[in-house]
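Below are the chains, spelled out letter by letter.
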Amino acid sequence: MQMAGFLLTDSGRKLLHGKHVLELGCGVGLLGLVAMLAGAKCVVLTDFDPLVLDLCRHNQKLNASVLGSSRGQACSGPSHIEVRSLDWRHVRRQGKPNLVQCDDEGSSQPT
């Protein structure tokens with residue numbers, strides 16, 4: 001939640017405004033939604049687990065009215081989110097994002 005909070009600050013909004021964002025290990029897709037709300041032009045959410053990707057797509061659909069953006073298209077037109085499978089062992093270059101984000105809070109051990 002710290003990353004989400006930062007992305008909604010003035011500094012975070014300046015960082016994201018009009019950018020193409022690639023999120024690695026998106027989980028349920030929360031940061032992608034926040035990135036869109038903070039001004040990103042395009043967010044590509046990636047994960048390897050098919051169940052996680054299904055949940056992420058479901059969450060994006062549930063929140064589509066909040067975002068008011070199109071879904072499932074390549075990032076080229078109006079602002080939108082795309083959900084893709086990504087296996088880091090088999091990556092091929094497909095364009096260059098302006099910003100790569102990842103959040104390890106979900107894997108952190110409580111202190």
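Residues numbered from 1 in each chain as written. Predicted model: local features only at pLDDT ≥ 70, side-chain atom pairs only at ≥ 80, totals over all residues. Heavy atoms only, no water.

(A) Structural detail: the overall build of the protein. Secondary structure assignment for the protein yields 5 helices and 5 strands. Across the protein, helices and strands are ordered from the amino to the carboxyl terminus as α-α-β-α-β-α-α-β-β-β. Burial statistics for the protein: of 111 residues in total, 32% are counted as buried. In the protein, of all internal contacts separated by at least 6 residues, the share reaching a separation of at least 24 is 61%. (Helix = DSSP H or I, 4+ residues; strand = E, 2+ residues; numbered from the N terminus. Buried < 20%, exposed > 50% of the residue type's maximum accessible area, 1.4 Å probe, protein only. Contact = heavy atoms within 4.5 Å.)

(B) Region of interest: the confidence of the model for the protein. Scored by pLDDT, the protein has a mean of 79; 70% of the residues are at 70 or more. The lowest-confidence element of the protein is strand S3 (residues 70-71), averaging 41 in pLDDT; the highest-confidence one is helix H2 (residues 10-16), averaging 94. Predicted confidence for residues 69-74 stays below pLDDT 50, and this span has 16 contacts to residues more than four positions away or in other chains. Below pLDDT 50 for its whole length, residues 107-111 participates in 0 contacts with residues either more than four positions away or in separate chains. (pLDDT = per-residue confidence, 0-100.)

(C) Fine view of helix H3 (residues 30-37). Burial analysis of H3 places 6 of its 8 residues in the buried class, the great majority of the element. Within the span of H3, buried status applies to Leu 31, Gly 32, Leu 33, Val 34, Ala 35 and Met 36. The positive-phi residue at the C-terminal boundary of H3 is Gly 39, with phi of around 120°.

(D) Spotlight on the pattern of salt bridges. For the structure on display, the rule yields 2 salt bridges. A salt bridge links Arg 57 to Asp 54; the shortest N-O distance between them is 3.6 Å. Note that Arg 57 and Asp 54 are positioned in helix H4 (residues 50-62) at a spacing of 3 residues, about one turn of the helix. With a relative accessible area of 34%, Arg 57 lands in the partly exposed category. Note on Asp 54: relative accessible area 47%, which makes it partly exposed. Residue Arg 84 pairs with Glu 82 through a salt bridge whose shortest N-O separation is 2.6 Å. Residue classification places Arg 84 among the partly exposed positions, given a relative accessible area of 30%. Of the residues examined, Glu 82 reaches a relative accessible area of 10% and is grouped as buried. (Salt bridge = Lys/Arg side-chain N within 4 Å of Asp/Glu carboxyl O.)

(E) Representation of the nonpolar core within the structure. Membership of the largest hydrophobic core comes to 19 residues, with the highest contact counts inside it found for Leu 16, Met 36, Ala 40, Val 43, Leu 45 and Ile 81. Looking at which element gives the most residues to this core, the answer is H3, with 5 residues. The contacts of Leu 45, once residues within four sequence positions are left out, are Glu 23, Cys 26, Gly 29, Gly 32, Cys 56, Gln 60, Ile 81, Glu 82, Val 83 and Arg 84. (Core = buried A, V, L, I, M, F, W, Y, C linked by side-chain atoms within 4.5 Å.)

(F) Structural context of the pairing of strand S1 (residues 20-24). Because side chains alternate across S1, one face comprises the buried residues Val 21 and Glu 23, and the other comprises His 20, Leu 22 and Leu 24, none of which is buried. One ladder, built from 5 bridges, connects S1 with strand S2 (residues 42-47); its direction is parallel. The residue bridging Leu 24 from the neighbouring strand is Thr 46, located in S2. Where the polypeptide runs from S1 across H3 and back to S2, its parallel neighbour, the crossover connection is right-handed. (Pairing = 2+ DSSP bridges. Right-handed = clockwise from strand over helix to strand, strands pointing away.)

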